[in-house]
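A closer look at the structure
As a plain string of letters, each chain reads:
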Amino acid sequence: MLFKGVLRKLNTLYYGYLIQLIKMRIIPAIDIIDGKCVRLSKGDYNTKKIYNENPLEVAKEFEAHGIQYLHLVDLDGAKSKHIVNHKVLEQIATKTGLNIDFGGGLKTDEDLRIAFESGANQITGGSIAVKNPEIFKSWLQKFGADKIILGADANNEKIAISGWQEESDKELIPFVHEYQKQGISYVICTDISKDGMLQGPSFDLYKRILNEINDLKLIASGGISTFEELPKLAELGCEGTIIGKAIYENRISLKELESYILNK
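Residues numbered from 1 in each chain as written. Predicted model: local features only at pLDDT ≥ 70, side-chain atom pairs only at ≥ 80, totals over all residues. Heavy atoms only, no water.

**Considerations on the overall build of the protein**
Our working rule: Strands here are runs of E lasting at least two residues and helices are runs of H or I lasting at least four, both read from the DSSP assignment and numbered beginning at the N terminus. Exposed residues in this analysis have more than 50% of their type's maximum accessible area, buried residues have under 20%, and partly exposed residues fall in between, with area computed by a 1.4 Å probe over protein chains only. For this analysis, residues touch if any pair of their heavy atoms sits within 4.5 Å. Surface exposure here means Shrake-Rupley accessible area, sampled with a 1.4 Å probe, where a residue is shielded only by the protein chains that are shown.
Each helix and strand counted, the protein has 12 helices and 12 strands in total. Considering the protein as a whole, with its 264 residues, one finds that 54% of them fall into the buried category. Of all intrachain contacts in the protein linking residues separated by at least 6 positions in sequence, the fraction that spans at least 24 positions is 67%. For the protein, the accessible surface area stands at approximately 12,100 Å², while carbon and sulfur atoms represent 46% of it.

Structure below.
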């Protein structure tokens, strides 16, 4: 048992070194429904599982382990098509030092104003980029590529929208490529079939995206299940990776992530 513990620690340090060497950001996720920290499987709201009724506690725990970034998703907002949980965003932004990217239900200039005034460092637009590209492009022009992230979440490589409740006719890679031409730098790509399933991420999909689109800051999301998968994503060239259920289900410990961060 002692030997296994030492071996696991060495593996954690080794993989942490690889991730650090390739400079991939680690970004835990907090998804919000009714002000509570939840996770879904494949974006299905009927699979909701509550992990903590106080998202601020979760965010503070992340920060206590050296985490610097947070992916905060307003699932109520995504379903309602307007920002809902901005008070949760404000709480976390004012009571932690986390750099927060916020998404879910951002459809209007007013939604965006509320998100930024509530403490978001970046916002993620998914449905709006499909349904109202002119508004999304205006946000990109006004705030710049460092503030606006393209949410390119796909099922069978077709972009999904409205909290993943609808599938559009947009093909994933051409969709991302077109927005890169418009100035987008950061893209969060979730393979919905993998999300929340703890079966590993879509390595082949991310590899194809990065092979076909140069100079893209691709953030992998969905399916992360073990710490050992992270260096593989880093080697592909992912700029960051979002980790959700694997943390909440103790598949990846915050201590492992902390070891990586402290050895940067």
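**Quick notes on the nonpolar core**
For soluble globular proteins, the rule of thumb is that nonpolar side chains tend to be buried together. Selection rule: By nonpolar core is meant a set of buried Ala, Val, Leu, Ile, Met, Phe, Trp, Tyr and Cys residues that side-chain atoms within 4.5 Å join together.
The biggest cluster of nonpolar side chains holds 70 residues, and the ones touching the most others in it are Ile30, Ile92, Ile209 and Leu257. The leading source of residues in this core is helix α8 (residues 172–181), at 5 residues. Beyond its immediate sequence surroundings of up to four residues, Leu257 is in contact with Ile26, Ile67, Phe227, Leu230, Ile243, Ile247 and Ile252.

**So, the packing of aromatic side chains**
This is how the line gets drawn: Working definition: a ring pair exists when centres of Phe, Tyr or Trp rings (six-membered ring for Trp) sit within 6.5 Å. Plane angles under 30 degrees give stacked, over 60 give edge-to-face, the rest tilted.
Counted under the stated rule, the structure contains 6 aromatic pairs. With centroids separated by 6.5 Å and ring planes inclined at 55°, the aromatic side chains of Phe62 and Tyr248 adopt a geometry described as tilted. Of this pair, Phe62 sits in helix α2 (residues 55–64) while Tyr248 sits in helix α11 (residues 245–248); the two residues are 186 residues apart in sequence, bridging distant segments of the chain. Both residues of the pair, Phe62 and Tyr248, count as buried. Relative to Tyr179, the ring of Phe136 has its centre 5.3 Å away and its plane inclined at 90°; by these criteria the two rings are edge-to-face. Remark: Tyr179 occurs in helix α8 and Phe136 occurs in helix α7 (residues 133–143); sequence separation between them is 43 residues. Of the residues examined, Tyr179 reaches a relative accessible area of 5% and is grouped as buried. Three or more aromatic residues joined by ring pairs make a cluster, and in this case those are Phe136, Trp139, Phe175 and Tyr179.

**Focus on the state of the cysteines**
This is how the line gets drawn: Cysteine sulfur atoms that pair up within 2.5 Å are treated as a disulfide.
On inspection of all chains with the given rule, the structure shows 0 disulfides. Not engaged in a disulfide, the cysteine Cys189 finds its nearest cysteine sulfur in Cys238; these two sulfurs lie 9.1 Å apart. Overall, the relative accessible area of 0% leaves Cys189 in the buried class. A relative accessible area of 2% means that Cys238 is categorised as buried.

Function-wise, these values are silent; they only describe arrangement.
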